[in-house]
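Structure assessment
Below are the chains, spelled out letter by letter.
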Amino acid sequence: MRSKIVAGNWKMNKNAMETATLLKEISGKLPNVKAEVMVAPAFVNLAEAVKQLKGSRISVIAQNMHFAESGAFTGEISADMLLSIGIDTAIIGHSERRAFFHETDEILAKKVVAALAKKMRVMFCFGEELNERKSGQHFTVVKNQLKNALFSLDASAWKHIILAYEPVWAIGTGETASPEQAQEMHAFIRKTIAGAYNSAIADEVSILYGGSVKPSNAAEIFSKPDVDGGLIGGASLVADDFLAIVKAI
Ligand code: PGA
């Protein structure tokens, strides 16, 4: 169902103690908003985070997962392992996974299928690079990313999908897409999904914006009709900033 979501992607930041501290700061002051609030700490800290947040309104999600059920994949984490510690949602396709760990659309499609097969929710990330936007290819790039990883799914799978449009040029750069650029792309994404499936599915999917969202720009970005929230990197590591962004929803 389409809901408002603010999610913090902590990436490779915060050790065990720092994770506990930040979670305490966030959960202690969480405003009462009509939105799902999620945090994605590092793998090693997930189990503790789940325990610490038990009974709170914050859910813990994973930054990644492998597509195989189990086996000889040194260093990887399966859907089953996540589920066994109480995590039912994984971010898949973050641009840093694509760029630094060479995760292709084909690999991501397998991860999505694997997560859905285990009844997990997928927060699927995608977005164009700077040169692609500059050369006017951003709509085509985004359409292909969606098509390659998601459009073979059954219509029924879409209720377990959350989308996060994250233009690569805006991630960690301090440069944000303007609210108008975000709205324009989110509307295009909905239109593309309506074309591939139908408008009911397109209307129901939550589409988050990610890329240098901060307290100063969150409210304006979130006010756009097709923006259902945000995936927050840097600003999610500072409790007051993340809480201000949650308030903005
Ligand atoms: P940022 O990261 O907010 O630091 O730009 C967003 C993300 O990578 O999800």
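Please refer to the structure placed before this passage.
An account of the accompanying structure is given in this report. (Residues numbered from 1 in each chain as written. Predicted model: local features only at pLDDT ≥ 70, side-chain atom pairs only at ≥ 80, totals over all residues. Heavy atoms only, no water.)

1. Brief notes about the packing of helix α10 (residues 215-222) against helix α11 (residues 239-248)
Across the interface, α10 lies against α11 with an axial gap of 8 Å and an inter-helix angle of 20°. The angle between α10 and α11 places the two elements in the roughly parallel class. Relative to α11, α10 is oriented so that their crossing is right-handed. Residue-level inspection shows Pro215, Ala218, Ala219 and Phe222 of α10 in contact with α11, the latter providing Asp241, Ala244, Ile245 and Ala248. When its residues are assigned to classes, the contact of α10 with α11 shows seven nonpolar, no polar and one charged. (Axes fitted to C-alpha atoms, helices over the stretch in contact; angles between N-to-C directions. Helix = DSSP H or I, 4+ residues; strand = E, 2+ residues; numbered from the N terminus. Parallel < 35°, antiparallel > 145°, perpendicular 65-115°, else oblique. Left-handed = near helix turned anticlockwise from the far one by under 90°. Contact = heavy atoms within 4.5 Å. Nonpolar A, V, L, I, M, F, W, Y, C, P; charged D, E, K, R; others polar.)

2. Let's talk about the packing of aromatic side chains
In the structure shown here, the tally under the stated rule is seven aromatic pairs. Considering the side-chain rings of Phe139 and Phe188, the 4.8 Å spacing of their centres and the 55° angle between planes classify their relative orientation as tilted. With Phe139 in helix α7 (residues 138-150) and Phe188 in helix α8 (residues 179-196), this residue pair connects regions lying 49 residues apart in the sequence. By relative accessible area, Phe188 is classed as buried at 17%. (Phe/Tyr/Trp six-rings, centres within 6.5 Å; stacked < 30°, edge-to-face > 60°. Buried < 20%, exposed > 50% of the residue type's maximum accessible area, 1.4 Å probe, protein only.)

3. Let's talk about the environment of Arg133
Within the fold, Arg133 resides in helix α6 (residues 130-134). Arg133 gets classed as buried once you look at its relative accessible area, which sits at 12%. Those residues in contact with Arg133, other than ones at most four positions away along the chain, are Glu128, His138, Tyr165, Trp169, Gln181 and Met185. At a separation of 3.2 Å, a polar atom in the side chain of Arg133 contacts the side chain of Tyr165. (Polar contact = N/O pair within 3.5 Å; in protein donor to acceptor, adjacent residues only side chain to side chain.)

4. A short note on the layout of surface pockets
The computed volume of the largest pocket comes to approximately 430 Å³. If one sorts the elements of the lining of the largest pocket by residue count, helix α4 (residues 95-100) sits on top with three residues. Classifying every residue of the lining of the largest pocket gives six nonpolar, five polar and four charged. (1 Å grid on protein atoms, 1.4 Å probe; cavity = no way out; pocket = protein on both sides within 12 Å on 5 of 7 lines; lining within 4 Å. Points joined across faces, edges and corners; volume = space filled by probe spheres on them.)

5. Examining the pattern of salt bridges
A full pass over the atoms with the stated rule returns 15 salt bridges. The partner of Arg121 in a salt bridge is Glu36, and the shortest N-O contact between them spans 3.1 Å. Highlighted residues: Arg121 in strand β5 (residues 121-126) and Glu36 in strand β2 (residues 36-40), separated in sequence by 85 residues. Note on Glu36: relative accessible area 27%, which makes it partly exposed. Among the salt bridges present, the one from Glu69 reaches Lys118, with a minimum N-O distance of 3.5 Å. Placement of Glu69 in the loop between β3 (58-60) and α3 (79-84) and of Lys118 in the loop between α5 (105-117) and β5 is noted, with a sequence separation of 49 residues between them. Judged by its relative accessible area of 59%, Glu69 falls in the exposed class. It is possible to trace a salt-bridge network through shared partners that takes in Arg2, Arg190, Asp226 and Asp228. (Salt bridge = Lys/Arg side-chain N within 4 Å of Asp/Glu carboxyl O.)

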